[in-house]
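Okay, here's what each chain looks like letter by letter:
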Amino acid sequence: MKDLLVIGIGAGDAGDVTLRAVEAMRRVDVFFLLEKPGRGKSALVDLRLEVLRRACPGGGYRLVYATDPERPKEVPDYPAAMAAWREERRRLLAELFGRELAEGETGGFLVIGDPGLYDGTIEIFHELEAQGAAVSFEVVPGITSLQLLAARHRIALNRIGETITIISARQLAAADAASLDNVLVVLDGRALFRRFADTDLDIYWGAYLGMPEEILVSGPLRGKAEEIARIIGEERARRGWIMDVYLLRRPSSP
């Protein structure tokens with residue numbers, strides 16, 4: 001049997017890694033580092049390497065690099081494209097485990113943020129188990145960008161007597177303004193909040209949270225929407241990518 005550890009390492013600052021995650025990393029024989037295609041994405045691998053340097057200063061592990069299949073974006077049949085992407089990723093991981101991980105060894109995956117929030121690694125490992133792969137896995141939670149967003153803006157994500165909803169940009173694109181009382185939006189990067197710039201919503205926005213490049217903007221959406229959209233465009237042009245998250249919140253009634 002081959003053991004796998006799926007370890008959350010925080011949103012972007014090696015200092016946010018938990019003691020439990022450090023202990024888990026020190027059990028790993030082989031770390032699998034999947035490099036995302038695209039300009040500037042090497043920074044995400046660099047973050048993982050910095051986490052390892054600080055958590056395991058004595059080394060004692062091997063590194064295996066591979067290129068992660070490119071995630072589908074704007075395609076006509078998004079569910080079908082995602083299914084194909086997951087299958088390609090599953091085949092890649094099965095091949096890596098078979099070639100690079102010996103019986104009795106432990107493999108490690110360092111997931112930015114938390115493995116249980118908008119990350120497909122856990123589901124793929126369940127699928128590998130269902131297909132009869134001789135692997136077992138354990139999940140170690142991590143600090144999410146949502147928690148860091150709240151800390152940086154010095155707000156609580158919940159308000160008394162209210163719910164809070166987490167949605168993707170694809171869901172926001174189809175949302176009605178009246179339903180957006182307290183909503184966290186992930187995986188945007190396209191400034192879709194501009195659809196609601198004529199409402200009374202406030203926005204708490206952050207990009208590259210925890211990283212040296214971190215950017216924060218907050219205030220009434222009608223006055224901040226274009227400013228944030230401009231920043232997104234500039235950062236994407238400069239770095240080749242942007243990783244942002246934000247809260248849309250209707251002001252409390254007096």
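Everything below is about the structure shown above.
These lines cover the structure that appears in this document, whether it is placed above or below. Worth saying up front: this structure is predicted, and the values here are computed from it rather than measured.

**Considerations on the pairing of strand E8 (residues 202-207)**
Counted residue by residue, E8 has six buried out of six residues, so it is predominantly covered. Neither face of E8 is left uncovered, since the one carrying Asp202, Tyr204 and Gly206 and the one carrying Ile203, Trp205 and Ala207 both have all their residues buried. Sheet analysis places E8 next to strand E10 (residues 244-249), joined by six bridges and oriented antiparallel. Residue pairing for E10: Trp205 is matched across the bridge by Tyr246.

**Describing the side chain of Lys2**
As for its position among the elements, Lys2 is in strand E1 (residues 2-8). As a buried residue without a salt bridge, Lys2 has its nearest oppositely charged side chain in Glu103, at a separation of 4.7 Å. In this structure the side chain of Lys2 is engaged in a polar contact, spanning 2.9 Å, whose partner is the backbone oxygen of Phe97. Aside from chain neighbours lying at most four places away, what touches Lys2 is Phe97, Gly98, Leu101, Ala102, Glu103, Glu105, Ala134, Val135 and Ser136.

**Some details on the nonpolar core**
Counting 49 residues, the largest nonpolar core has Ile7, Met25, Leu172, Phe193, Trp205 and Leu248 as the members making the most contacts within it. Sort the elements by how many residues they give to this core and helix H7 (residues 221-239) lands first, with six residues. Not counting residues up to four positions away in its chain, the partners in contact with Leu172 are Ile167, Leu180, Val185, Leu192, Phe193, Arg195, Phe196, Tyr246 and Leu248. Residues Phe109, Ile122, Ile124 and Phe137 belong to the second largest nonpolar core, which totals 20 residues.

**Some remarks on the layout of surface pockets**
Empty space within the second largest pocket amounts to approximately 230 Å³. If you go around the second largest pocket, you meet 14 residues; those closest to its centre are Gly12, Ala43, Met211, Pro212 and Glu213. Ranked by residues supplied to the lining of the second largest pocket, first place goes to helix H2 (residues 42-55) with three residues. The residue makeup of the lining of the second largest pocket, split by class, is seven nonpolar, three polar and four charged.

**Digging into a nonpolar patch on the surface**
On the surface, a cluster of nonpolar side chains totalling about 270 Å² of accessible area is made up of Tyr118, Ile166 and Leu187. Within the secondary structure, Leu187 is located in the loop between strand E7 (182-186) and E8.

**Quick word on the sheet that holds E10**
Pairing is mixed across the open sheet formed by five strands, whose spatial order is E6-E7-E10-E8-E9. Each edge of the open sheet is held by one strand with a lone partner, namely strand E6 (165-168) and strand E9 (215-220). In this sheet, neighbouring strand axes are inclined to one another by 15 degrees on average, regardless of whether the strands run parallel or antiparallel. Pairing of E6 with E7 involves four bridges; the strand directions are parallel.

**Quick word on the pattern of salt bridges**
Counted by the stated rule, this structure contains 19 salt bridges. Note that Glu100 and Arg99 form a salt bridge whose closest N and O atoms lie 3.1 Å from each other. Linking Arg152 and Glu214 is a salt bridge whose minimum nitrogen-to-oxygen distance equals 2.9 Å. Here Arg152 is found in helix H5 (residues 145-153), whereas its partner Glu214 is found in the loop between E8 and E9, with 62 residues between them in sequence. Connected via shared salt-bridge partners are Arg86, Glu87, Arg90, Arg91 and Glu127.

Cut-offs applied
Residues numbered from 1 in each chain as written. Predicted model: local features only at pLDDT ≥ 70, side-chain atom pairs only at ≥ 80, totals over all residues. Heavy atoms only, no water. Buried < 20%, exposed > 50% of the residue type's maximum accessible area, 1.4 Å probe, protein only. Helix = DSSP H or I, 4+ residues; strand = E, 2+ residues; numbered from the N terminus. Pairing = 2+ DSSP bridges. Lys, Arg positive; Asp, Glu negative; His and termini not counted. Salt bridge = Lys/Arg side-chain N within 4 Å of Asp/Glu carboxyl O. Polar contact = N/O pair within 3.5 Å; in protein donor to acceptor, adjacent residues only side chain to side chain. Contact = heavy atoms within 4.5 Å. Core = buried A, V, L, I, M, F, W, Y, C linked by side-chain atoms within 4.5 Å. 1 Å grid on protein atoms, 1.4 Å probe; cavity = no way out; pocket = protein on both sides within 12 Å on 5 of 7 lines; lining within 4 Å. Points joined across faces, edges and corners; volume = space filled by probe spheres on them. Nonpolar A, V, L, I, M, F, W, Y, C, P; charged D, E, K, R; others polar. Patch = residues over 30% accessible without salt bridge, like charges linked within 9 Å, V, L, I, M, F, W, Y side chains within 5 Å. Areas by Shrake-Rupley, 256 points an atom, 1.4 Å probe, with all protein chains shown as cover. Axes fitted to C-alpha atoms, helices over the stretch in contact; angles between N-to-C directions.

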